[in-house]
Amino acid sequence: MPLPDLMDISYYFEQAGVGLGREETFKIFLALKNLVDTHTLQNVRFWGKVFGTVKNYIVAEVEYREGAEDDEVEEEEVEEKVQEEEEEDEKNEEEDLPKTDYKPPPKIPKEENGTGCNKKTYFVCNEPGTEWIKLPPVDPAEIVCARQLKKFFTGDLSAPVISYPPFPGLEMNYLRAQIARISAATHISPIDYFKFEEDDDDDSDGEGRDSYTINVEFEPLPVYELVDPSLNNWVHHMQHILPQGRCQWVNPTLKTENEEFDEDEEEEENEDPDEPQQEEGPPLLTMINQDSDVDGLPAWSAARSSDLIPAYSVAVLKSNTWPGACTFGFDKKFENVYIGFGHKYSSENYSPPPPPPVFEEYLTDLEVTEVLIRL
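Cut-off values and rules
Residues numbered from 1 in each chain as written. Predicted model: local features only at pLDDT ≥ 70, side-chain atom pairs only at ≥ 80, totals over all residues. Heavy atoms only, no water. Phe/Tyr/Trp six-rings, centres within 6.5 Å; stacked < 30°, edge-to-face > 60°. Buried < 20%, exposed > 50% of the residue type's maximum accessible area, 1.4 Å probe, protein only. Lys NZ or Arg CZ within 6 Å of the ring centre and 35° of its normal. Helix = DSSP H or I, 4+ residues; strand = E, 2+ residues; numbered from the N terminus. Expected span 1.5 Å × (residues − 1). Core = buried A, V, L, I, M, F, W, Y, C linked by side-chain atoms within 4.5 Å. Contact = heavy atoms within 4.5 Å. 1 Å grid on protein atoms, 1.4 Å probe; cavity = no way out; pocket = protein on both sides within 12 Å on 5 of 7 lines; lining within 4 Å. Points joined across faces, edges and corners; volume = space filled by probe spheres on them. Nonpolar A, V, L, I, M, F, W, Y, C, P; charged D, E, K, R; others polar. Axes fitted to C-alpha atoms, helices over the stretch in contact; angles between N-to-C directions. Left-handed = near helix turned anticlockwise from the far one by under 90°. Pairing = 2+ DSSP bridges. Salt bridge = Lys/Arg side-chain N within 4 Å of Asp/Glu carboxyl O.

Visitor: Explain the packing of aromatic side chains here, please?
Guide: Throughout the structure, instances matching the rule amount to 16 aromatic pairs. Note on Tyr 11 and Tyr 12: the rings are 5.2 Å apart at their centroids and 75 degrees apart in plane angle, and the pair reads as edge-to-face. Overall, the relative accessible area of 44% leaves Tyr 11 in the partly exposed class. For Tyr 12, a relative accessible area of 9% translates into the label buried. Of the aromatic side chains, those joined through ring pairs into one cluster are Tyr 11, Tyr 12, Phe 13, Phe 328 and Phe 330. A cation sits over an aromatic face here: Arg 209 above Phe 196, 4.3 Å from the ring centre.

Right under this line is the structure:
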């Protein structure tokens, strides 16, 4: 059964002072059941709730069964139609406008479905009972631009994102980018709950790995160890997102087999032989005590749900980097949830980046003179 026991999970979050209320939680549980009945899914999880200025977003994290990704095929067909229309418009414009020698920087390809930032699929709705809408896969350019923005959501997926620098997409793309960033930074689990597969013996430190399995021999830790200030007993089970906007780095200067080389491009490559430096990040299942501090504060705050009866208390961890992200741990149970505005913490008020500097005027010297002709 892919449907989780959301009421049992909310019971533990209530002890941590986190939740949406039992009535709304039960409505979300029924909405998730409707999602399971209408799609062929392997796993379903309540990711959280993102607040908006007009409407809110309820987010569900799912995984399809193998060979049951019919919706993705429809999206690819729509994307192909849009690309064909854009190519036709570009051809029409090229006939009328002069051509330029400027060549934009190479585009970073997005990761395939089921890998990296697109490992999970996300559905959203504004209220329980309304239609679930599938979010598109995230693009590296969207993540890179989202890191430079701080904008509230409106609750309308088709709303434009008016910002500087300009965001390459609509609010649904901005929401998907923020979900990827929050998941990569705040989804944690007790140490040794997951383990790498035995076949992957090459990377002992977890570098280059993107999958794991549940450790059947996992022994739960007591609560006082889970809330230890050293935070040695919690690890990240989502891949780190590199500055490039991907989990797996790619060299943008390399051409694929399908792309053809032009003579001008080959000359430019010979002139600029320097390749970009490969980006590296922490491997999978890295301890959370290695996270960067937040303006002098630790990235995580750990505490018990109650000091009066510590034997029945629950370990609670809250993220200081992404306010609203919370995790509980008790016995063999743990869960992550996010309830907030989708903004990263910043001690300073947000100020948009300044525009690029103005280009200098054309330099004149003795060889370049202007001739004034009087009629």
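What follows continues from the structure just given.
Visitor: Would you mind showing me how to read helix α5 (residues 171-186) here?
Guide: With 16 residues, α5 extends 22 Å between its outermost C-alpha atoms, agreeing within 8% with the 22 Å of an ideal straight helix rising 1.5 Å per residue. Burial analysis of α5 places 14 of its 16 residues in the buried class, the great majority of the element.

Visitor: Mind showing me how you'd approach the nonpolar core here?
Guide: Across soluble globular proteins, you tend to see nonpolar side chains buried next to one another. Counting 30 residues, the largest nonpolar core has Phe 13, Ile 28, Leu 32, Leu 35, Phe 46, Trp 132 and Val 337 as the members making the most contacts within it. At the level of secondary structure, the elements contributing two or more residues to this core comprise α1 (6-15), α2 (22-38), β1 (41-50), β2 (57-64), β3 (121-125), β11 (325-330) and β12 (333-340). Examining the composition of this core, we find that six residues originate from one element, α2, more than from any other. The contacts of Trp 132, once residues within four sequence positions are left out, are Ala 31, Leu 32, Leu 35, Ile 58, Ala 60, Phe 123, Val 124 and Cys 125. Judged by nonpolar contacts, the second largest core, of 29 residues, contains Phe 167, Tyr 174, Leu 175 and Cys 247.

Visitor: How do you make sense of the layout of surface pockets when you look at a structure like this?
Guide: Rolled over the atoms, a probe as big as a water molecule pinpoints where empty space is left. Looking at the largest pocket, its volume works out to about 1,200 Å³. When contributions to the lining of the largest pocket are tallied by element, the ones reaching two or more residues are α1, β1, β2 and β12. In terms of residue class, the lining of the largest pocket is built from 16 nonpolar, ten polar and 14 charged.

Visitor: Help me understand the packing of α1 against α2 in this model?
Guide: When two helices pack together, you describe them by how their axes are tilted relative to each other and by the distance separating the axes. The geometry of α1 relative to α2 is characterised by a closest axis approach of 10 Å and an angle of 150 degrees between their N-to-C directions. Considering the relative orientation of α1 and α2, their crossing is right-handed. Seen from α1, the contacting residues are Leu 6, Met 7, Ser 10 and Glu 14; seen from α2, they are Arg 22, Thr 25, Phe 26, Ile 28, Phe 29 and Leu 32. Broken down by class, the residue content of the contact of α1 with α2 amounts to six nonpolar, two polar and two charged.

Visitor: What exactly am I supposed to notice about empty space enclosed by the protein here?
Guide: On inspection of all chains with the given rule, the structure shows five cavities of 30 Å³ or more. Taken as a whole, the largest cavity holds about 170 Å³ of empty space. In terms of lining, the largest cavity is formed by 16 residues, of which the most central are Leu 6, Ser 10, Phe 13, Phe 46 and Val 337. Partitioning the lining of the largest cavity into residue classes produces ten nonpolar, four polar and two charged. Roughly 130 Å³ of internal volume is contained in the second largest cavity. Along the walls of the second largest cavity sit 17 residues, with Gly 116, Cys 117, Lys 119, Met 238 and Gln 239 positioned nearest its centre. If you tally residues by element for the lining of the second largest cavity, the top one is α5, at four residues. Grouping the amino acids of the lining of the second largest cavity by side-chain chemistry returns nine nonpolar, four polar and four charged.

Visitor: Please clarify how the pairing of β3 should be interpreted in this entry.
Guide: The side chains of a regular strand alternate between both faces of the sheet. Counting buried positions along β3 gives five out of five residues, so the element sits mostly inside the fold. Alternating residues of β3 divide into Thr 121, Phe 123 and Cys 125 and Tyr 122 and Val 124, and every residue in both groups is buried. In the sheet, β2 pairs with β3 via five bridges, with the strands oriented antiparallel. Paired with Ala 60 across the two strands is Phe 123, which belongs to β3.

Visitor: How should I be thinking about the environment of Gly 114 in this particular structure?
Guide: Position of Gly 114 among the secondary structure elements: in the loop between α3 (70-96) and β3. A sequence separation of 51 residues divides Gly 114 from Glu 63, and the C-alpha atoms of the two residues are 8.4 Å apart.

Visitor: How should I be thinking about the environment of Ile 182 in this particular structure?
Guide: Summarising the element assignment, Ile 182 is placed in helix α5. A relative accessible area of 1% places Ile 182 in the buried class. On a C-alpha basis, the gap between Ile 182 and Trp 322 in space is 7.0 Å, while along the polypeptide they are 140 residues apart. The contact partners of Ile 182, leaving out residues within four places of it in the chain, are Trp 47, His 187, Trp 322, Tyr 338 and Gly 342.

Visitor: Looking at this model, I keep getting lost on the pattern of salt bridges. Mind explaining?
Guide: Side chains that differ in charge, positive against negative, can pair when their charged atoms come close. As enumerated under the stated definition, the model contains eight salt bridges in all. Put simply, Glu 14 and Arg 22 hold a salt bridge, and the shortest N to O gap is 3.2 Å. With relative accessibility at 58%, the residue Arg 22 sits in the exposed group.

Visitor: Can you walk me through unusual backbone geometry in this structure?
Guide: Where the residue is not glycine, phi is negative for most of them; where a peptide bond is considered, it is trans in most cases. Here the amide bond leading from Tyr 164 into Pro 165 is cis, since omega sits at 0 degrees, within 30 degrees of zero. Following the sequence through the fold, Pro 165 ends up in the loop between α4 (140-146) and α5. Even without being glycine, Leu 285 reaches a positive phi, approximately 60 degrees. In this structure, Leu 285 sits in the loop between α7 (263-271) and β9 (300-304). Classification of Leu 285 by relative accessible area gives buried; the value is 18%. Backbone geometry places Asp 295, a non-glycine residue, at a positive phi of 50 degrees.

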